[in-house]
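This is what each chain is made of:
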Amino acid sequence: MRAQGNGSAGEPPQGGPPALRFAACDPAQPDAAGLLAGLSVALKAITGNSGEGSFDAADVRGAGALFLVGYAADGAPVACGGYRPLDGGVAEVKRVFAARKGAGMPLLAALQARAAADGYARLVCETRRVNTVAVVFYLRAGWAVCENYGKYAGRPEAVCFEKWL
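Residues numbered from 1 in each chain as written. Predicted model: local features only at pLDDT ≥ 70, side-chain atom pairs only at ≥ 80, totals over all residues. Heavy atoms only, no water.

**Q** Just checking my understanding: could you explain the state of the cysteines for this structure?
**A** Here, the word disulfide means a covalent bond between the sulfur atoms of two cysteines. Tallying each qualifying case throughout the model produces zero disulfides. C160 takes part in no disulfide bond, and the closest cysteine sulfur, belonging to C146, lies 5.4 Å away. Residue C160 is classed as buried on the basis of its relative accessible area of 0%. (Disulfide = S-S within 2.5 Å. Buried < 20%, exposed > 50% of the residue type's maximum accessible area, 1.4 Å probe, protein only.)

Next comes the structure, spelled out in structure tokens:
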């Protein structure tokens, strides 16, 4: 399992993982809840903290918010993540998790596409520095390290990223 800190399925790149289908859903829905539980276990093992205290499901249920589950061709739920609105055309990406290798990048691309369609100009997210899988994931996806924001400001264990859409 990979802990990594949405809308269209297409043909996979030659030799790449199969395309995923994404569905917007409530984070309490069983497929989403199962993935979120997997993320919490993975984060607890990596960082010593499940990260559940930094996520309020209500944040991804309201206007300008979204939560997606990615499904593999066999119908298995394999990735999840969402975003919530912040101020000034910015949304915060939350609870990104890929339970199957190759599912994280398509999920992140889908979240970015949906956020852009929702009118956001910039996305931000946070992970722990010790979560090197997530740090490498965001950098490889073209995100840049930015100043720690909000409750992460002044917290040296946190690293924040941004992506301009």
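After that view, the rundown keeps rolling.
**Q** Teacher, can you tell me more about the nonpolar core here?
**A** One broad trend across soluble globular proteins is that nonpolar side chains are buried collectively. Judged by nonpolar contacts, the single largest core of 29 residues is most densely connected at Y83, V93, Y138 and W143. In terms of residue count, the dominant contributor to this core is helix α2 (residues 104-117) (five residues). Formed by 14 residues, the second largest nonpolar core is a distinct cluster that contains A32, L39, V60 and V69. (Core = buried A, V, L, I, M, F, W, Y, C linked by side-chain atoms within 4.5 Å. Helix = DSSP H or I, 4+ residues; strand = E, 2+ residues; numbered from the N terminus.)

**Q** Quick question: what am I supposed to make of helix α3 (residues 132-140) here?
**A** One full turn of an α-helix is made of 3.6 residues, so residues set three or four places apart face in the same direction. Within the sequence span of α3, burial applies to A134, V135, F137 and Y138. Around the axis of α3, the buried residues are gathered within 160° of arc, so they sit on the same side. Exposed positions of α3 whose direction lies more than 90 degrees from the buried face are T132, V136 and R140. G142 sits one or two positions beyond α3 and adopts a positive phi of about 90°. (Arc of directions from axis to C-beta.)

**Q** Honestly, the pattern of salt bridges in this entry has me stumped. Any pointers?
**A** Scanning the entire structure with this criterion turns up seven salt bridges. Of the charged contacts in the structure, one is a salt bridge between R61 and D26, with a shortest N-O distance of 2.6 Å. With R61 in the loop between α1 (30-47) and β3 (66-71) and D26 in the loop between β2 (21-24) and α1, this residue pair connects regions lying 35 residues apart in the sequence. Overall, the relative accessible area of 44% leaves R61 in the partly exposed class. The exposure class assigned to D26 is partly exposed, which follows from its relative accessible area of 32%. The closest approach of N and O atoms between E92 and K94, which form a salt bridge, is 3.8 Å. Taking the relative accessible area as the measure of exposure, E92 reaches 2% and is therefore buried. (Salt bridge = Lys/Arg side-chain N within 4 Å of Asp/Glu carboxyl O.)

**Q** Please clarify how the side chain of R122 should be interpreted in this entry.
**A** Here R122 lies in strand β6 (residues 122-128). For R122, the side chain forms a polar contact with the side chain of E162, separated by 2.7 Å. (Polar contact = N/O pair within 3.5 Å; in protein donor to acceptor, adjacent residues only side chain to side chain.)

**Q** How should I be thinking about the side chain of E92 in this particular structure?
**A** Along the polypeptide, E92 turns up in strand β5 (residues 90-98). At 2.6 Å, the side chain of E92 and the side chain of R84 are in polar contact. Engagement of the side chain of E92 in a polar contact is seen with the side chain of Y149, the distance being 2.6 Å. Beyond its immediate sequence surroundings of up to four residues, E92 is in contact with G82, Y83, R84, L86, V124, Y149 and Y152. (Contact = heavy atoms within 4.5 Å.)

**Q** Help me understand the confidence of the model for the chain, please; the structure alone is not making it clear to me.
**A** Do not read the predicted coordinates in detail wherever pLDDT is low. Scored by pLDDT, the chain comes out at a mean of 90, with 89% of its residues at no less than 70. The low-confidence segment residues 1-15, where pLDDT is below 50, has 51 contacts with residues more than four positions distant or belonging to other chains. (pLDDT = per-residue confidence, 0-100.)

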